[in-house]
Amino acid sequence: MNIKKLIALIMAVVMVVCLSACGETTPSDNGGETGSKYADSITVQIGPNPETLDPALNSAVDGGNMLITLFETLLIIDQDNKVQPGQAESYTVSKDGLTWTFTMRDGLKWSDGSELNAKDFEYTFKRIADPELAAPYGETVVGMIDGFDKASEGDTDALNVKASEDGKTLTVVLAYPCSYFDKIVAFGTMSPVQKATVEANGDAWATSPDTYVCNGPYTIKEWVPGERIVCEKNENYVGGWDSEKIVTKTINFLLLEDSSAAYAAYTSGEALMIKDVPTEEIPSLTKAADGGDFYVDTILGTYYLSMNTQKAPFDNPLVRKALNLAIDRAYVADVIMQGTYTPAYNFMGPGIVDAEGMFIDNAKKDNGGKTYISEDFKANLAEAKKALAEAGYPNGEGFPTITYSTNDAGYHVAVAEYLQQAYKELGITLNIDKVEWASFTPLRRAGEYEMARNGWVMDYNDPSNMLELLTSTNGNNDGKYSSAEFDAAIESSKCADTADHFKYLHEAEKIAAADYANIPVAYYNDFWLQSPDLQGSWHSPYGYWYLQYAYVEAK
Amino acid sequence: MGKYILKRVLMGLLSIFIVATLTFFLMNLVPGGPFVAEKSISKAAQEALAAKYGLDKPILERYATYMTDLLKGDMGISLRQRGRTVNDIIFSKLPVSMGLAGIAVAVALAIGIPLGCISAYNRGKFFDNFIIVLATCGIAIPSFISSVLLLYFFGAKLAILPTIGLNSALHYVMPVTALAIYPTAYITRLMRSSLLDVMGQDYIRTARAKGLGTFKIIFKHAIRNAILPVITYVGPMLASLMTGSFVVEKIFTIPGLGREFISSISNRDYTMIMGTTIILATFIITANVIVDILYKVIDPRIKLK
C-alpha cells in the first residue's frame, strides 16, 4: 500500500515539475478578425531552417522561397512566368544589348519606412561582387556586368552599375550581351539590402527580425531557428504586386525537417500546405487532377547521370550511347520514383522557355517531332546492345566492372539498384558506391568517380543555365565533357539577338545529345499537399510557392 | 573533500582539452568541407570564403588560434549559418535541450525506480514478469520508432497533442515520452537487479532476524545501497539525452542542440562541431564529478582520494 502511495506522490511531483517548467501557450493560429473576410494568418511548410536569409548569401531553394516573399527585385516573375515590373517601373535596353537602364517606381520604401531608390540597388549589386562577402551566386548573377573581373578582386567600384544622382534610374553596362538579363535581375539574390543596416551589423543583420530590413510584401516578425518564421504584412510595401490582393496579416513558415512531422502537421490541420511529403504516403494520396490535395508540378531541373568521359571506357561515345539507351526512363520515373518525376528523353526539360514557345517543343520540331532519346524502350535496348557490340564489347564481354557513386537520399539508391539490373541486360556489372553527402560533391567535382548521380535545378529560366554545365571550362562539368564544337555553339549564343541566342543553344543541345555527353533520366517535379482552404497562392517552375496573395476565407 | 574536488576539476579540464584537440585534428582529416553544395560555387568565391574563415591557413596555426579564442570563451562563427556565432547558437539551444532532457530524466527516475522496486519485491510473481517484459520492450524499441508512432497516433490520427515545438505544457508530452522510454526501462532493470543483489546480503538477513518489516528493510536499508548504480547512470544519461535527442528533436521540430550536434558533422561546420563536442564533453565530465561526490553523501563507506 505504502509503495503505491509513494509512487503516486512521486508522479504528482513530476507532473508539477513538468507543468511549471513549461511556458505559456501560444495564441492559436487561425482567428479571423470579426468582420474580416479573410483569416488573419496562414501556416505552411516549405523547408527546414534556412541557413541564411541574406539574399546575397543564400543558395538554397527554400531560402529563395522566403526571399521572394520578403523582398522585391527590380523586376518580378508573375503567375504566368512572365517578367513584370517590380521595384523598377520600366526598363530599356540599348541596341547592342549591353546597356540596361531601369527606371524606379516613385515612393519606394524599406520595411522600416525609409526611402529606397536606385542607389540601394547599386550598393546591392556591388556587394554581391565583393570577394569579401563570397556570395555563392556572385558570378552567376553579376558575372556578365562590365568590370566584374576587377570587382571580384576587391575593387567593387569597378562594377559598371551606376545610379543617377536623384536615385531615379539605374544603369547597368554588361561586358557581353545577355538577352536574359531581365530574368537575372528578377532572381532572389539581386534583392536590395539596406547599406546602413548591413554595415552596422555585418553578416548578423539577416539573423534577427530587429535588423532584418526588407522591401517585399512581408517582413519577419519572429524567427525561432529550427522551429518557425513568422512573417507579417509589410505596411510600407510599394512595388509590382497588387497591394489590394495582399490580405493575410501573417504567414507562419514551419521549419520542419522531418517529412512525417510535416505530414502530421498537415493532417492535424496545423499546416495548410506542406512541401515534404513522406514517400511512403504517396501511393495513398489522391492527385489534384483527380480532385485530391496532392499536387505534382514541373520545376526547371533534370536528374541525370554523369559519366567520367576522361576515363576509359566512358571516353567512347558508343559506350555512352549503350549506357544511355539501356535505361527504361518511364519505369524509373513512374514506378521507382512513384510518379513524382517525369521521364527525361532530352537534357532540357519542360517549362524552359524559348524565343517562342517552349524549348523542348522546338527541339522536338527540329528533330523530326521526336525527342533525342527515343521514348520506345524496346528499340532503345536493341540499339544499346548494338552500340556496345560496335564498341568492341559484344554482350558486355571484356567490359570492365563499373562503379556508380551516389549519396543516400530520396530515390538515389533505388535508382542505383535499378541501374544494376538494367546494365545486367547488357552484360555489364555495376557496383554501387554510397558516399556521404559532404564528401560526394567534392568527389564528383574532382572527377574521382566512373559514373555518378547528378542533378541541376535552374536558377533562371534560360537554357544556357543548364547547357553551360557541359562547356569544357565550367566548374560544374563533372563529366569533364569536352567538345570544341559544343563550346563554340555556347559562345555564339552569348549575343543580343534573342532568336540567335536560342538557335545556338538548340545547336549545342543537339551536339551534346549526339555525343551522349551525359544520361538524362528524369525531370524534377515539386510535389506537395495543399488544403483546398488555401487560395490565391501558386507554384512556379523555379520551385517556389508564391504566397503574397494567399488567403483563407474566414469561417 | 575540497582537495578531491579540485583534483577532479583539473582532471576534467585536461580531459576537455584532449577531447578538443583530438576532435580538431580528426574532423579536418574527414574529406569534404563546409562549403559543399550540389552546385559548386566558383573557385574565387570558394577561396574568398576559405580566407574569410581562416581555412586557408596551416592546420597548426588554425589550431593555435582556435584554442586561444576558446580560452577567452569565444567558439568562433558558424561556417554554415552565416552571421551567427557558435556561442549564440549553443546558448540559445542549450536551455531547450537541457529542459527537455531534465524532464525526461526526472520522469525516468520517478517511474523507473519504483517499478524496479515493485518488480524486485514481487520477484518471480506476475507483477515482476509483467514489468520485465515492459522494460525489455522499452529497451528494444528505438526512439525513432516510438516518436513516429506517438506522432502518428496522438499528433496526426487523434490530433489531441501538438506536434511542433515546445510552446506549452502539452507540447512536452510526446517528446518527453519518446525520450524517457529507454532510460525508464533501463533504470527499472538496473534497480531490480541491484535491489535483488542487496536483498541477498548478510546485513539484510540480520535486519530480518531483528524482526524488521519488509517495507522498512527495503526503504531504510536496502535502497540506499541498491540505488548507487542508478546514480552512476544518471550523469551519462543526462548528457546523452541532451545531445542524443537528434531524432526526437527532428520529428517534433524542437530547436535543441541535438540536431546541431549531428547536422554540424554532416555539414562539416567545423566551429559548430568543436562547440557542440566541447559542450557535450564538459557535461559528461561535470556529471561524473557530481555523481562521484553524491556517492560520498549516500555511502559514507566510500573514501574520496
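Residues numbered from 1 in each chain as written. Chains lettered and ligands numbered in written order. Predicted model: local features only at pLDDT ≥ 70, side-chain atom pairs only at ≥ 80, totals over all residues. Heavy atoms only, no water.

Across its full length, chain A carries 17 helices and 19 strands. By the compact-globule yardstick of 24 Å for 555 residues, chain A fits well, its C-alpha radius of gyration being 26 Å. Projected onto its principal axes, the C-alpha coordinates of chain A cover approximately 85 × 75 × 45 Å. For chain A, buried positions account for 56% of its 555 residues. Taking the intrachain contacts of chain A between residues at least 6 apart in sequence as the baseline, contacts between residues at least 24 apart amount to 69%. Here chain A displays about 22100 Å² of accessible surface, and carbon together with sulfur accounts for 49% of that area. (Helix = DSSP H or I, 4+ residues; strand = E, 2+ residues; numbered from the N terminus. Rg over C-alpha atoms; globule rule 2.2 N^0.38 Å. Buried < 20%, exposed > 50% of the residue type's maximum accessible area, 1.4 Å probe, protein only. Contact = heavy atoms within 4.5 Å. Areas by Shrake-Rupley, 256 points an atom, 1.4 Å probe, with all protein chains shown as cover.)

Counting residues in each nonpolar core, the largest one holds 84 residues, and the members touching the most others are L70(A), L74(A), F102(A), F125(A), L170(A), F181(A) and Y212(A). Here this core gets six residues from one element, more than from any other, and that element is helix 3 (residues 118–129) of chain A. The contact partners of L170(A), leaving out residues within four places of it in the chain, are L74(A), W100(A), T101(A), F102(A), A118(A), F121(A), E122(A), F125(A), V161(A), K162(A) and A163(A). F35(B), A207(B), I231(B) and L257(B) belong to the second largest nonpolar core, which has 78 residues in total. (Core = buried A, V, L, I, M, F, W, Y, C linked by side-chain atoms within 4.5 Å.)

Bringing helix 2 (residues 43–52) of chain B into the picture now. Among all positions in helix 2 of chain B, only A45(B), A48(B), L49(B) and A50(B) are buried. Once helix 2 of chain B ends, the next one or two residues include G54(B), with phi positive near 70 degrees.

With that settled, consider the interface of chain A and chain B. Contacts between the two partners involve 62 residues from chain A, matched on the other side by 50 residues from chain B. For the interface between chain A and chain B, the tally reads five salt bridges. A salt bridge links R259(B) to E257(A); the shortest N-O distance between them is 2.9 Å. Take the side of chain A that touches chain B: its biggest share by element is nine residues, from helix 1 (residues 2–21) of chain A. Along the lines of polarity and charge, the residues of the side of chain A that touches chain B split into 32 nonpolar, 15 polar and 15 charged. (Salt bridge = Lys/Arg side-chain N within 4 Å of Asp/Glu carboxyl O. Nonpolar A, V, L, I, M, F, W, Y, C, P; charged D, E, K, R; others polar.)

Applying the stated criterion to the full structure yields 36 aromatic pairs over all chains. Every member of this aromatic cluster is reached through a ring pair, and the members are Y91(A), W100(A), F102(A) and F181(A). Across the ring face of Y504(A), the terminal group of K503(A) is positioned such that the distance to the ring centre comes to 4.9 Å. Sitting over the ring of W223(A), R84(B) keeps its end group 4.5 Å from the ring centre. (Phe/Tyr/Trp six-rings, centres within 6.5 Å; stacked < 30°, edge-to-face > 60°. Lys NZ or Arg CZ within 6 Å of the ring centre and 35° of its normal.)

Residues and elements named next belong to chain B. Together, K210, K216, K220 and R224 line one region of the surface with positive charge. In terms of residue count, helix 9 (residues 214–226) provides more of the positive patch than any other element does, three residues in total. Secondary-structure assignment places R224 in helix 9. (Patch = residues over 30% accessible without salt bridge, like charges linked within 9 Å, V, L, I, M, F, W, Y side chains within 5 Å. Lys, Arg positive; Asp, Glu negative; His and termini not counted. Charge placed at Lys NZ, Arg CZ, Asp CG, Glu CD.)

Residue and element names in this part refer to chain A. Looking only at helix 10 (residues 329–336), the buried set comprises R329, V332, A333 and I336. Angular distribution of buried residues about the axis of helix 10 spans 120 degrees; they occupy a single face of the element. In the core, the buried residues of helix 10 are packed alongside helix 9 (317–325), strand 13 (342–343), helix 13 (412–424) and strand 17 (519–530). Just past helix 10, the residue Q338 takes up positive phi, approximately 55 degrees. (Arc of directions from axis to C-beta.)

This part covers the environment of F121(A). Residues and elements named next belong to chain A. Relative to the assigned elements, F121 resides in helix 3. Residue F121 is classed as buried on the basis of its relative accessible area of 0%. Separated by 261 residues in the primary sequence, F121 and A382 place their C-alpha atoms 57 Å from one another. The contacts of F121, once residues within four sequence positions are left out, are E72, T73, L74, Q87, M104, L116, L170, M190 and P192.

Bringing the pairing of strand 12 (residues 294–307) of chain A into the picture now. Residues and elements named next belong to chain A. Counting buried positions along strand 12 yields ten of 14 residues, so the element is predominantly enclosed. Sheet topology note: the strand 12/strand 17 ladder contains nine bridges and is antiparallel. By the bridge assignment, Y304 is partnered in strand 17 with P520. One ladder, built from seven bridges, connects strand 12 with strand 16 (residues 451–457); its direction is antiparallel. Across the sheet, residue L305 finds its bridge partner in strand 16, namely R453. (Pairing = 2+ DSSP bridges.)

So, on to the confidence of the model for chain A. On average, chain A scores 91 in pLDDT, and the residues at 70 or more come to 94%. Here residues 15–33 of chain A is a poorly scored stretch, pLDDT under 50, and it has 27 contacts once near neighbours within four places are set aside; other chains count. (pLDDT = per-residue confidence, 0-100.)

Turning our attention to the pattern of salt bridges. Residues and elements named next belong to chain A. For the coordinates displayed, the defined rule picks out 21 salt bridges over all chains. A salt bridge links D106 to K168; its shortest N-O distance comes to 2.7 Å. Of the two residues, D106 is situated in the loop between strand 5 (99–104) and helix 3 and K168 in the loop between strand 6 (161–163) and strand 7 (169–173); the sequence distance between them amounts to 62 residues. Accessibility expressed as a relative area gives 58% for D106, which makes it exposed. Judged by its relative accessible area of 23%, K168 is partly exposed. Taking the shortest distance from any N to any O, the salt bridge between E227 and R228 comes out at 3.2 Å.

It is worth spelling out the sheet that holds strand 7 of chain A at this point. All names here are of chain A. The four strands are arranged 4-5-7-6 in an open sheet whose pairing can be described as antiparallel. Single-partner strands in this sheet number two, and they are strand 4 (88–93) and strand 6. Between one strand axis and the next, the sheet turns by 15 degrees as a mean value, whatever way the strands run. Examined bridge by bridge, strand 5 and strand 7 share five bridges and lie antiparallel to one another. Directly across from W100, in strand 7, lies its bridge partner V172. (Axes fitted to C-alpha atoms, helices over the stretch in contact; angles between N-to-C directions.)

Attention shifts here to the environment of W456(A). All names here are of chain A. In this fold, W456 is placed in strand 16. Exposure remark for W456: the relative accessible area of 6% places this residue in the buried category. There is a polar contact of 3.3 Å between the side chain of W456 and the side chain of N465. (Polar contact = N/O pair within 3.5 Å; in protein donor to acceptor, adjacent residues only side chain to side chain.)

The next thing to look at is the state of the cysteines. As used here, a disulfide is simply a covalent bond connecting the sulfur atoms of two cysteines. One pass over the structure, following the stated rule, counts zero disulfides over all chains. The thiol of C231(A) is not disulfide-bonded; the next cysteine sulfur, from C214(A), is found 8.2 Å away. (Disulfide = S-S within 2.5 Å.)

The subject of this paragraph is the packing of helix 1 (residues 2–29) of chain B against helix 13 (residues 270–298) of chain B. All names here are of chain B. Packing of helix 1 against helix 13 leaves a shortest axis separation of 9 Å and a crossing angle of 155 degrees. Relative to helix 13, the element helix 1 lies roughly antiparallel. The crossing of helix 1 and helix 13 is right-handed. Contacts between helix 1 and helix 13 involve Y4, I5, R8, G12, S15, I16, V19, A20, T23, F24, M27 and N28 from the former and Y270, I273, M274, T277, I278, A281, T282, I285, V289, D292 and I293 from the latter. Residues of the contact of helix 1 with helix 13, tallied by class, amount to 15 nonpolar, six polar and two charged. (Parallel < 35°, antiparallel > 145°, perpendicular 65-115°, else oblique. Left-handed = near helix turned anticlockwise from the far one by under 90°.)

Residue and element names in this part refer to chain A. Across the five residues of strand 1 (residues 41–45), five count as buried, placing the element largely inside the fold. Residues S41, T43 and Q45 line one face of strand 1 and the alternating positions I42 and V44 line the opposite face, and both faces are buried. Pairing geometry for strand 1 and strand 10 (residues 250–254), over four bridges, is parallel. Bridge assignment links T43 to a residue of strand 10, and that residue is N252. Bridging between strand 1 and strand 11 (residues 273–274) involves two bridges; their strand directions are parallel. Counted as the bridge partner of V44 is M273 from strand 11.

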